[in-house]
Amino acid sequence: MTSAGTNIHLFNTLTRKKEKFKPLTDSEVKIYTCGPTVYDYAHIGNFRAFIFEDLLKRWLIYRGFKVTHVMNLTDIDDKTIKGSQKQGIPLNRFTEFYVEAFFEDIKKLNIQAADKYPKATEHIPEMVALIKTLMTKGVAYKGEDDSIYFSVNKFSEYGKLSKIKVGELKTGARVSQDEYAKEEARDFALWKAWTPEDGEVFWETELGKGRPGWHIECSAMSTKYLGATFDIHCGGIDNMFPHHENEIAQSEAATDKKFVNYWMHNEHLQVEGKKMAKRLGNFYTLRDLLSKGYDPIAIRYLLMSTHYRQQFNFTFEGLESAKNAVDRLRNFIRRLKETKEQENRGKVAKFVEKLEGDFGSAMDDDLNIGTAIAALFDFVREINNLLDLNAVSKKEAKVIEDTISKLDQVLGVIGKVENRETLPSEVEVLVQKREEARKNKNWKEADAIRTQLKAMGIILEDTAQGVRWHKDKS
RNA sequence: GCUGGGGUGGCCGAAUGGUUCAGGCGGUAGCCUGCAGAGCUGCUCUAUAUGGGUUCAAUUCCCAUCCCCAGCUCCA
């Protein structure tokens with residue numbers, strides 16, 4: 001490949017069209033993704049976003065780009081303050097707990113770590129500097145409550161991302177007190193003056209005693225780590241307005257440069273056909289599902305397997321189905337490893353080529369994962385056919401394995417499949433005993449041992465090449 | 001209310017102005033197997049929310065209706 005990812009098209013929220021992807025710097029991509037607000041365990045809807053972003057990143061890497069990925073951690077806002085006060089512990093101790101939980105969760109879901117996880121509380125000076133710039137430029141002002149607001153009317157392009165016309169915005173049923181302090185109802189806070197409810201949480205800065213508004217952290221931190229203009233900014237669709245719209249306003253008003261070239265938003269998920277909500281009892285964190293015994297990789301597969309711009313209906317039936325789909329892929333790899341044929345039949349190459357072509361063109365088309373996975377399963381079926389005919393040599397099997405492994409660098413669901421793990425000696429003894437019994441056609445004892453092993457989490461399968469076993473993953 | 005995205009087989013989900021509308025899961029039958037599992041093959045009955053329209057031809061384009069979801073309320 002002469003130049004990285006020459007044919008990737010991505011749907012850009014700014015234009016509402018699929019556009020050919022061209023990064024600012026050849027072969028390098030800079031991505032900023034909105035991370036979690038660390039006031040609770042993240043839920044599966046959060047993870048759908050993070051998995052989508054992971055898939056995007058892995059695909060860009062697969063296509064040869066060097067990717068720099070920054071994900072923020074929102075550790076200062078109403079919810080984190082409230083949470084820490086409720087528990088009676090300092091804000092940073094409260095948020096640190098959920099930051100750790102978040103890292104544990106994404107590891108379980110095989111989400112590749114970002115290059116940088118900046119925390120809002122560690123970038124107060126950067127935010128203050130940015131706000132000062134906005135004030136100097138006359139697009140920000142101090143309100144009657146001493147908070148600092150961004151003047152939406154001063155930024156003529158406001159609304160270009162969400163296509164919302166400022167004049168048509170509903171004033172909102174809930175009119176909070178501080179809105180009276182603003183010149184315009186739609187102006188948003190850059191800096192919030194301290195109030196008694198904030199308790200111990202405040203910074204003494206040139207802007208006064210207070211804390212940053214929500215939107216400013218992303219503008220300040222993305223610019224610091226990725227530059228005034230960078231390639232891709234992702235987030236859930238709910239963030240499009242007002243959060244991302246406000247980021248654009250703050251950043252572009254401050255730098256007079258285009259903030260982001262490609263905005264990508266993932267749709268939300270529903271659970272059992274309904275909006276996920278605590279009061280509906282269909283609200284799940286990753287931990288909820290793991291404690292029910294589900295395989296995190298099956299969860300990853302499920303959340304990934306629907307196109308990111310499509311609303312997705314999460315069901316437990318779907319989760320079972322995802323687990324079985326992943327098992328099918330893993331079984332396929334196991335079969336490959338058992339091939340003993342020496343002679344190349346030459347039937348494999350064309351399928352490998354087709355797979356790479358179909359998978360690639362599907363993913364290049366705005367991450368069309370459904371079609372890409374279909375290509376993979378078509379391939380699996382074709383090769384299984386050949387395996388049934390003993391028409392796959394050891395050497396060809398290795399080529400297939402390498403190909404799948406390469407694609408799994410993108411999917412992240414198959415992982416290492418071992419068919420030669422070391423067995424605990426007691427298990428080894430049982431397997432041998434069963435082989436003896438089978439030889440003597442003592443089916444009753446053989447089946448009893450098989451059942452016994454199953455209870456121990458070991459699945460036995462008798463094949464033409466002899467007994468095969470693997471651990472029951474789930 | 002305004003704005004936007006959707007409604008595809010038993011379930012999840014691709015795709016498309018036109019030969020048989022991917023793939024996965026589930027079910028079922030057959031092959032294989034001592035059995036089971038894995039795998040392969042067939043089947044899963046009129047599958048494209050409803051009613052109109054445009055067209056030689058629509059699931060795909062247009063209109064209306066119903067339903068779901070989201071934004072307008074610091075939720076991915």
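Calculation criteria
Residues numbered from 1 in each chain as written. Chains lettered and ligands numbered in written order. Predicted model: local features only at pLDDT ≥ 70, side-chain atom pairs only at ≥ 80, totals over all residues. Heavy atoms only, no water. Helix = DSSP H or I, 4+ residues; strand = E, 2+ residues; numbered from the N terminus. Buried < 20%, exposed > 50% of the residue type's maximum accessible area, 1.4 Å probe, protein only. Contact = heavy atoms within 4.5 Å. Areas by Shrake-Rupley, 256 points an atom, 1.4 Å probe, with all protein chains shown as cover. Lys, Arg positive; Asp, Glu negative; His and termini not counted. Charge placed at Lys NZ, Arg CZ, Asp CG, Glu CD. Pairing = 2+ DSSP bridges. Polar contact = N/O pair within 3.5 Å; in protein donor to acceptor, adjacent residues only side chain to side chain. Near = heavy atom within 4 Å. Nonpolar A, V, L, I, M, F, W, Y, C, P; charged D, E, K, R; others polar. Phe/Tyr/Trp six-rings, centres within 6.5 Å; stacked < 30°, edge-to-face > 60°. Axes fitted to C-alpha atoms, helices over the stretch in contact; angles between N-to-C directions. Disulfide = S-S within 2.5 Å. Parallel < 35°, antiparallel > 145°, perpendicular 65-115°, else oblique. Core = buried A, V, L, I, M, F, W, Y, C linked by side-chain atoms within 4.5 Å.

**Comments concerning the overall build of chain A**
Scanning chain A for helices and strands turns up 14 helices and 16 strands. Out of the 474 residues belonging to chain A, those deemed buried represent 51%. Summarising the internal contacts of chain A: among those between residues at least 6 apart in sequence, 76% fall at separations of at least 24. In the form shown here, chain A has an accessible surface area of approximately 22,800 Å², with 49% of it arising from carbon and sulfur atoms. Separation between the mean location of the 73 positive side-chain charges and that of the 72 negative ones in chain A comes to 4 Å.

**A word on the pairing of strand β9 (residues 208-212)**
For strand β7 (residues 188-193) and β9, the ladder comprises 3 bridges, and the chain directions are antiparallel. Counted as the bridge partner of A193 is G210 from β9. In terms of strand pairing, strand β8 (residues 203-205) meets β9 through 3 bridges, oriented antiparallel. By the bridge assignment for β9, W203 is matched with G210. Hairpin connection between β8 and β9: a loop of 2 residues separates the two successive antiparallel strands.

**Section: helix α8 (residues 296-304)**
Counting buried residues along α8, 9 of its 9 residues qualify, which places the element largely inside the surrounding structure. When we look at burial in α8, the residues that qualify are P296, I297, A298, I299, R300, Y301, L302, L303 and M304. With a side-chain oxygen lying 2.9 Å from the backbone nitrogen of I297, the N-terminal cap of α8 falls on D295.

**Examining the protein's contact with RNA strand B**
For RNA strand B, the set of nearby residues contains 57 residues, the closest of which are R186, K192, G236, N239 and K275. Within 4 Å of the protein, the atoms of RNA strand B are drawn from sugar and phosphate moieties in a proportion of 66%. A distance of 3.1 Å separates a phosphate oxygen of RNA strand B from a polar side-chain atom of K275. Side-chain polar atom of D447 to a base nitrogen of RNA strand B: 2.7 Å apart, as the coordinates give it. Sort the elements by how many residues they give to the surface near RNA strand B and helix α11 (residues 369-388) lands first, with 9 residues. Here the surface near RNA strand B is composed, by residue class, of 12 nonpolar, 25 polar and 20 charged.

**Some details on the packing of aromatic side chains**
Taken as a whole, this structure holds 24 aromatic pairs when the rule is applied. Taking the centre distance of 6.3 Å and the plane angle of 55° together, the rings of Y32 and F230 count as tilted. Here the residue Y32 occupies a position in strand β3 (residues 28-33), and F230 occupies one in strand β10 (residues 230-236), the gap between them amounting to 198 residues. When its relative accessible area of 0% is taken as the criterion, F230 is described as buried. Residues Y284 and F316 carry aromatic rings whose centres are separated by 5.2 Å and whose planes lie at 90° to one another, so their mutual orientation is edge-to-face. Taken as a pair, Y284 in the loop between β13 (274-275) and α7 (286-291) and F316 in helix α9 (residues 316-337) lie far apart in primary sequence, 32 residues in all.

**Remarks on the sheet that holds β7**
The strand order across the open sheet built from 5 strands is β5-β6-β7-β9-β8, with neighbouring strands paired in antiparallel fashion. The sheet is open, and its two borders are formed by β5 (140-142) and β8, each paired with just one other strand. Averaged over all pairs of adjacent strands, the angle between strand axes in this sheet comes to 35°, irrespective of strand direction. Alignment of β5 against strand β6 (residues 148-150), held across 3 bridges, turns out to be antiparallel. Looking across to β6, one finds that Y141 is bridged to Y149.

**Details of the state of the cysteines**
Every disulfide links exactly two cysteines, by a covalent bond between their sulfur atoms. Under the counting rule described, the total for this entry stands at 0 disulfides. Sulfur of C234: no disulfide; nearest cysteine sulfur belongs to C34 and is 9.0 Å away.

**Here's the deal with unusual backbone geometry**
One can expect most non-glycine residues to show negative phi and most peptide bonds to be in trans. Cis geometry marks the peptide bond from F241 to P242; its omega dihedral reads 5°. Along the polypeptide, P242 turns up in helix α6 (residues 240-255). The residue N110 is not glycine, and still its phi comes out positive at about 60°. Take N110: it is sitting in the loop between α3 (91-108) and α4 (124-136).

**Describing the side chain of H69**
Among the secondary structure elements, H69 is positioned in strand β4 (residues 66-71). Since its relative accessible area comes to 6%, H69 is described here as buried. Beyond its immediate stretch of four places on either side in the chain, H69 contacts I31, T33, K57, A114, D115 and K116.

**Looking at the environment of F102**
As for its placement among the helices and strands, F102 is situated in helix α3. Each C-alpha atom of the pair F102 and L73 lies 9.9 Å from the other, and the pair is 29 residues apart in sequence. Those residues in contact with F102 that sit more than four places away from it in its chain are P36, F47, F50, M71, L73 and Y117.

**Observations regarding the packing of helix α1 (residues 44-62) against helix α12 (residues 394-411)**
For the pair α1 and α12, interaxial distance at closest approach is 7 Å and the crossing angle is 140°. As the angle between them shows, α1 and α12 are arranged oblique. Here α1 contributes L55, R58, W59 and Y62 to the contact with α12, which in turn contributes K406, L407, D408, Q409 and V410. Among the residues making up the contact of α1 with α12, the classes are represented as 5 nonpolar, 1 polar and 3 charged.

**Thoughts on the nonpolar core**
Counting 92 residues, the largest nonpolar core has F47, L60, I232, F314, F332, I383 and I400 as the members making the most contacts within it. A total of 11 residues in this core trace back to one element, the largest contributor, which is α11. Setting aside chain neighbours within four positions, we find I400 in contact with F332, L336, V348, V352, F379, I383 and V392. Y32, I124, I131 and I216 belong to the second largest nonpolar core, which has 41 residues in total.

Everything listed is a geometric property; what it means functionally is a separate question.
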